[in-house]
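Now for the letters of each chain:
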Amino acid sequence: MTGGCACGRVRFSADVESDEAYLCHCRMCQRATGSLSIAFTEIEDEKVRWLSEPDWYDSSSIARRPFCLACGTSLGFAFKDRSRGRMDLTVASFDDPSRFRPVAHAGAESLHEPWLDTSALPRHPTSAASEAATRRDRGEIVDAG
Ligand SMILES: [Zn+2]
Ligand SMILES: [Zn+2]
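Keep in mind the model is a prediction, meaning the values are calculated, not measured. (Residues numbered from 1 in each chain as written. Chains lettered and ligands numbered in written order. Predicted model: local features only at pLDDT ≥ 70, side-chain atom pairs only at ≥ 80, totals over all residues. Heavy atoms only, no water.)

## Considerations on the coordination of the zinc ion (ligand 1)
Under the convention used in this document: Coordination here is defined by N, O and S atoms within 2.8 Å of the metal (3.2 Å for Na, K and Ca), and since water is not considered, a site can look incomplete. For a four-donor site, all angles between 85 and 135 degrees give tetrahedral; for four or six donors, opposite pairs above 155 degrees with the remaining angles between 65 and 115 give square planar or octahedral; all remaining cases count as irregular. To qualify as a helix, a DSSP run of H or I must reach at least 4 residues; to qualify as a strand, a run of E must reach at least 2; elements of each kind are numbered from the N terminus. Burial status follows relative accessibility: with a 1.4 Å probe on protein chains alone, a residue under 20% of its type maximum counts as buried, one over 50% as exposed, and anything between as partly exposed.
Binding of the zinc ion (ligand 1) to the protein goes through Cys5 (SG), Cys7 (SG), Cys68 (SG) and Cys71 (SG), at separations of 2.3 Å. Coordination at the zinc ion (ligand 1) comes from four donor atoms whose angles at the metal span 107 to 114°, giving a geometry best classed as tetrahedral. Binding-site remark: the zinc ion (ligand 1) is held by donors from one chain whose sequence spacing is C-x1-C-x60-C-x2-C. Remark: Cys68 occurs in the loop between strand E7 (63-67) and strand E8 (76-79) and Cys7 occurs in the loop between strand E1 (2-4) and strand E2 (11-14); sequence separation between them is 61 residues. The class of Cys7 is partly exposed, set by a relative accessible area of 44%.

## A short note on the pattern of salt bridges
Note the cut-off: Should a side-chain nitrogen of Lys or Arg be within 4 Å of a carboxyl oxygen of Asp or Glu, the pair is scored as a salt bridge.
Counted by the stated rule, this structure contains 12 salt bridges. For the salt bridge of Arg84 with Glu42, the shortest nitrogen-to-oxygen distance reads 3.4 Å. With Arg84 in the loop between E8 and strand E9 (86-90) and Glu42 in strand E4 (residues 38-44), the pair connects residues that are 42 residues apart, well separated along the chain. According to the relative accessible area criterion, Glu42 is partly exposed, its value standing at 34%. In this structure, Arg86 and Glu42 form a salt bridge, with 3.0 Å as the shortest nitrogen-oxygen distance. Of this pair, Arg86 sits in strand E9 while Glu42 sits in strand E4; the two residues are 44 residues apart in sequence, bridging distant segments of the chain. Note on Arg86: relative accessible area 27%, which makes it partly exposed. Connected via shared salt-bridge partners are Glu17, Glu42, Glu44, Lys47, Arg84 and Arg86.

From the geometry alone we can't say anything about function, so treat these as descriptive.
Written as C-alpha cells, this is what we have:
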C-alpha cells in the first residue's frame with residue numbers, strides 16, 4: 001500500500017498484512033495533530049519504505065514522529081528505541097485508508113467521550129475541497145484545498 005503527505009513531498013510504500021488499526025487519544029497525539037484523536041496502524045519497521053524521506057521531530061524523550069515540513073501532515077509515530085522493530089503509520093495518510101478497521105482506543109485517559117459516537121449527527125459532504133483531495137489521491141496536481 002502507498003501513502004504520503006498532503007502536498008506529496010513525502011511518500012511511502014508499506015507491506016501491510018493486518019487491517020487492524022486503533023485510535024490514540026493521548027495528549028501528545030492531540031498536540032501533535034491538533035485533533036482529538038488520530039488513527040494509527042502498527043507495522044514492522046522493515047515493511048515501511050520511505051520513497052522520499054519524511055522530516056522527524058522528537059515528540060518526547062522516548063518517541064519521535066515523521067511528518068512533512070512543507071505541509072505539516074502527521075505521518076506516524078516511532079519509539080526511539082528501535083529494538084521494538086515496529087512503528088505506527090497514520091491511517092489517513094494511506095492513499096486508501098478504507099481497508100483499516102479500528103480495534104482499540106489508546107490514550108483512553110484523555111479520550112473525549114462526546115466525540116466518540118458521532119454517527120447520529122447531520123452529515124454534510126465537502127464539495128470543492130473534497131474533489132481536490134480526491135484528485136490529489138489519484139496523483140493529479142491540484143492547487144485547491
Ligand atoms: Zn507535504
Ligand atoms: Zn498517542
